[in-house]
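Secondary and tertiary structure notes
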Amino acid sequence: MLYRENGQFKTSYAADQQIFPIAQDRWAIVGLLVFAFIGIPLLVDEYLLRAILIPFLILSLAALGVNILVGFCGQITLGAGAFMAVGAYAAYNFHIRIEGLPLLLSLLLGGLTAAAVGIVFGIPSLRVRGLYLAVATLAAQFFTDWVFLRVPWFTDNASSGSVSVSNLQVLGWPIAAPVDKYLFCLGWLTVFALLAKNMTRSAIGRQWMAIRDMDVAAEVIGIRPLFAKLSAFAVSSFFVGTAGALWGFIHLASWEPAAFSVDRSFQLLFMVIIGGLGSIMGSFFGAAFIVILPIALNQFLPAIGGLFGIAISTAGISHAELIIFGGLIIFFLIKEPHGIARLWSTGKEKLRLWPFPH
C-alpha cells in the first residue's frame, strides 16, 4: 500500500523524464544518502570502514565503468584491472612530479590518462567483437603488468617496485582517518554515479545501447560505430582509472603492480554479471556482493562447520569462496541474466501491482 504512484501526476516532460519518477524512490534515495553521509560515520567502527565500506565504494565506481562498456555498449572487456593500474600510476606520477598539484586534479588526470589508453586498446572493437575483443583487452592487462613492473620511471625508480603516497588533503581537509577516507570516496562515488546515470539516459547512452543490441542496424539509422564504441571505451576507462587512483591513494596508500592483476579484472566482470548488466544499480549490488561474501564466509563457515563437528581451515574457506562465486555466476547466467538488479526491479513492480497478480 505504501509503494504507489496514485495521485503523482506528470505535468511536464522534465517531470516525466526524471531519474526517480516515483516520490517514494526519491525519498528513499535521499534518506539513504543522509544515512550514508551522517549516520554511518557515527555508527560504524574503523574496521568496517577499512575492510568493507571503503573497498565497496571504490569497487562500485570501477564496476560502474565496466558496466558502461559491457552492459550498455555490449563490448566485452577483460582489461579493467589494467585501466585501474594506469589510473593509479598516472595519478601518482602527476602528484609527485608536478609540485603543488591538488589531489583532485591528480585523480582526474589519472582518469583521463586511463581514458586515452582505453581508446587505444578499444580500436580493435571496430573490427572484432565477442571473444576476440575480450582477448584484445586482455592484452592490455598483460602489457600494463609488464610496463609497471619493468620500467622504473613509473615507480619513481623505487628499488622495491612499490610506490606510496602520504599527507593527502583536499582544500585543507586532511584525508588520513578512515572516516575522512570514507566520506571522500562516498562524495566522489555519488557525483560519478549521477554522471553515469545521466549519460546512459542521454543521446550518447542511447547510441551505446543501439550498438549493443545490433550494431549493423545502428549504423543503418545513422549512428557512427567509431564514435559510439570508442566513446564507451573512453568513458569506461575514465571511471575505472579514477577508481584505480582511489584504490591506490585512499585505500592502499602503498601498492605494487600485483594490486591490479588480472584477478581484479575478472572480479570486476563478475560484479557486473552478478549485479546486473546494463544497470547502474546492478553495479552497486555486484560490488556489495563481492566485497561482503568473502568476509561473511570467513565468519560463518567455521561456525556452521562447528555445529556438525567439522573443522574448516582457511584454505577450505578460500576454496568455498571460489566454488560459490562460480556457482552463482552460472546461476545468474542461466536463470536471471540481468542479475540482482533485475530481481530488485521485479520486486518493486510486484509491490506497485499488489494485490493484483498481473
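This write-up is about the structure you can find in this document. (Residues numbered from 1 in each chain as written. Predicted model: local features only at pLDDT ≥ 70, side-chain atom pairs only at ≥ 80, totals over all residues. Heavy atoms only, no water.)

1. As for the overall build of the protein
For the protein, the helix and strand inventory stands at 14 helices and four strands. On C-alpha atoms alone, the protein measures out to a radius of gyration of 21 Å, which is about the 21 Å that the 2.2 N^0.38 rule sets for 358 residues. Referenced to the eigenvectors of the C-alpha coordinate spread, the extents of the protein come out at roughly 70 × 65 × 45 Å. The buried share among the 358 residues of the protein stands at 45%. Excluding contacts between residues fewer than 6 apart, the proportion of contacts in the protein whose partners are at least 24 apart in sequence is 74%. (Helix = DSSP H or I, 4+ residues; strand = E, 2+ residues; numbered from the N terminus. Rg over C-alpha atoms; globule rule 2.2 N^0.38 Å. Buried < 20%, exposed > 50% of the residue type's maximum accessible area, 1.4 Å probe, protein only. Contact = heavy atoms within 4.5 Å.)

2. Focus: the packing of aromatic side chains
Here the structure, examined in full by the defined rule, presents 15 aromatic pairs. A ring pair is formed by Phe192 and Phe238, whose centres lie 5.8 Å apart and whose planes are at 25 degrees; its orientation type is stacked. Here Phe192 is found in helix H7 (residues 178-201), whereas its partner Phe238 is found in helix H10 (residues 225-252), with 46 residues between them in sequence. Among the residues examined, Phe192 registers a relative accessible area of 7% and is labelled buried. On the accessibility criterion, Phe238 (16% relative accessible area) is buried. (Phe/Tyr/Trp six-rings, centres within 6.5 Å; stacked < 30°, edge-to-face > 60°.)

3. Regarding the packing of helix H5 (residues 103-122) against H7
Where H5 contacts H7, the two axes come as close as 14 Å, and the packing angle between them is 50 degrees. What the angle tells us is that H5 and H7 run oblique. Helix-helix and strand crossings are classified by hand; for H5 and H7 the assignment is right-handed. Within the contact between the two elements, H5 uses Leu103, Leu104, Leu107 and Leu108 and H7 uses Phe184, Trp188 and Phe192. Considering only residue class, the contact of H5 with H7 consists of seven nonpolar, no polar and no charged. (Axes fitted to C-alpha atoms, helices over the stretch in contact; angles between N-to-C directions. Parallel < 35°, antiparallel > 145°, perpendicular 65-115°, else oblique. Left-handed = near helix turned anticlockwise from the far one by under 90°. Nonpolar A, V, L, I, M, F, W, Y, C, P; charged D, E, K, R; others polar.)

4. A few points about the nonpolar core
In terms of nonpolar packing, the biggest core is built from 99 residues, with Tyr182, Phe184, Trp208, Phe239, Phe249 and Trp255 touching the most fellow members. Broken down by element, the residue count for this core peaks at 17 residues, all from helix H3 (residues 46-72). Apart from residues no more than four positions distant in its own chain, Trp208 is found in contact with Ile68, Phe72, Cys73, Met199, Ala228, Ser231, Ala232 and Val235. (Core = buried A, V, L, I, M, F, W, Y, C linked by side-chain atoms within 4.5 Å.)

Interpretation in functional terms is not warranted from these geometric data alone.
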